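# An overview of the molecular structure
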Amino acid sequence: MENFEKLLKDCGFYQFGVVDPMEIKFRDEIRKMCEVNTCRMYGKTWACPPAVGTIPECREKVQKYNSFMVLTGKYELEDSFDFEGMQEGQQKFRVSCRALKEKIQEYMSNYFMLSNEGCDLCKECTYPNAPCRFPKRAMGSLEAYGIFVSELANQAGVKYNNGPNTVTYLGAFVYNKENFEKYFE
Ligand code: SF4
């Protein structure tokens, strides 16, 4: 048995909380924010919409499992205009998600993870001309699945905002409780 809380700390996560997947709202209006393309990733990778599937398809994928663990990463900024610091935090959060995903793979196969926006595993994504190079490592995002992250944070009892001069990113580990309990405490 491995202590999961310690594993999360070792991977660099700040907080976690578990939500019933049936209580999560999957909203078209959040997906529409992807379509506006503020992050400039819409239609750019296999981990972003529209490649991740429609909102009903995303909901169905999540609701095949009975547990949804919300994970957060908190990163310090020099000030509220520190965009470099925000990008660094974003990158660090992806690294944490990947580290956790690889560790869980040693124990379980039936689960998936969501991270923050986009996928930066390859210099140039193969989308849409060829299949994803690393389908087991690429992760979609909560926003791409139509999930309103501040609402989700409240449901999970974790903080979406950790105070001035910090930025917080959210991801998720989606799994079946029975499976999880075999390997982790
Ligand atoms: S792993 Fe590579 S090919 Fe797959 S979504 Fe990410 S960037 Fe694209």
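Residues numbered from 1 in each chain as written. Predicted model: local features only at pLDDT ≥ 70, side-chain atom pairs only at ≥ 80, totals over all residues. Heavy atoms only, no water.

### A few points about the layout of surface pockets
Quick note on the threshold: Using only the protein atoms, space was sampled on a 1 Å grid; points where a 1.4 Å probe fits but cannot get out form cavities, open sets with protein on both sides within 12 Å along at least five of seven lines form pockets, and lining residues are those with an atom within 4 Å of a point. Grid points are joined across faces, edges and corners, and a volume is the space filled by probe spheres set on the points. Strands here are runs of E lasting at least two residues and helices are runs of H or I lasting at least four, both read from the DSSP assignment and numbered beginning at the N terminus. Amino acids outside the nonpolar list (Ala, Val, Leu, Ile, Met, Phe, Trp, Tyr, Cys, Pro) and the charged list (Asp, Glu, Lys, Arg) are all regarded as polar, and Gly is one of them.
Of the volumes computed, that of the largest pocket is approximately 800 Å³. Taken together, 31 residues make up the lining of the largest pocket; nearest its centre are Cys 39, Gln 90, Glu 117, Glu 143 and Tyr 169. With 5 residues, the top contributor of residues to the lining of the largest pocket is strand β5 (residues 166–175). Classifying every residue of the lining of the largest pocket by side-chain character gives 19 nonpolar, 10 polar and 2 charged. Considered as a void within the structure, the second largest pocket measures approximately 410 Å³ in volume.

### Remarks on the side chain of Asn 116
Applicable threshold: Between N or O atoms, a polar contact is any pair within 3.5 Å; within protein, one atom must be a potential hydrogen donor and the other a potential acceptor, and residues adjacent in sequence are included only when both atoms are from side chains. Contact criterion: two residues are considered in contact whenever any of their non-hydrogen atoms come within 4.5 Å of each other.
Along the chain, Asn 116 falls in the loop between β3 (112–115) and β4 (140–141). Here the side chain of Asn 116 touches Gln 90 through a polar contact of 3.2 Å, landing on its backbone oxygen. Only 3.1 Å separates the side chain of Asn 116 from the side chain of Ser 115, close enough to count as a polar contact. Residues within four places of Asn 116 in sequence aside, it is in contact with Gln 90, Phe 93, Arg 94, Ser 141, Tyr 169 and Leu 170.

### So, the pattern of salt bridges
Put simply, the test is: Salt bridges are counted wherever a side-chain nitrogen of Lys or Arg sits within 4 Å of a carboxyl oxygen of Asp or Glu. Only protein chains enter the calculation, and the probe is 1.4 Å; a residue is then buried if its accessible area is under 20% of its type maximum, exposed if over 50%, and partly exposed in between.
Per the stated rule, a full pass over the model turns up 7 salt bridges. With a shortest N-O distance of 2.8 Å, Asp 120 and Arg 94 are connected by a salt bridge. Taken together, the residues Asp 120 in the loop between β3 and β4 and Arg 94 in helix α4 (residues 83–105) connect sequence positions 26 residues apart. The exposure class of Arg 94 is buried, given its relative accessible area of 11%. A salt bridge links Asp 120 to Arg 98; the nearest nitrogen and oxygen atoms lie 2.4 Å apart. In this pair, Asp 120 is assigned in the loop between β3 and β4 and Arg 98 in helix α4, connecting sequence segments 22 residues apart.

### Quick notes on the confidence of the model for the chain
Note the cut-off: For every residue, the predictor assigns a confidence score, pLDDT, that lies between 0 and 100.
Residue-level pLDDT values for the chain average 94, and 100% of them are 70 or greater. The element-level mean pLDDT for the chain is lowest in helix α2 (residues 28–36), coming to 84, with strand β2 (residues 67–76) highest at 98.

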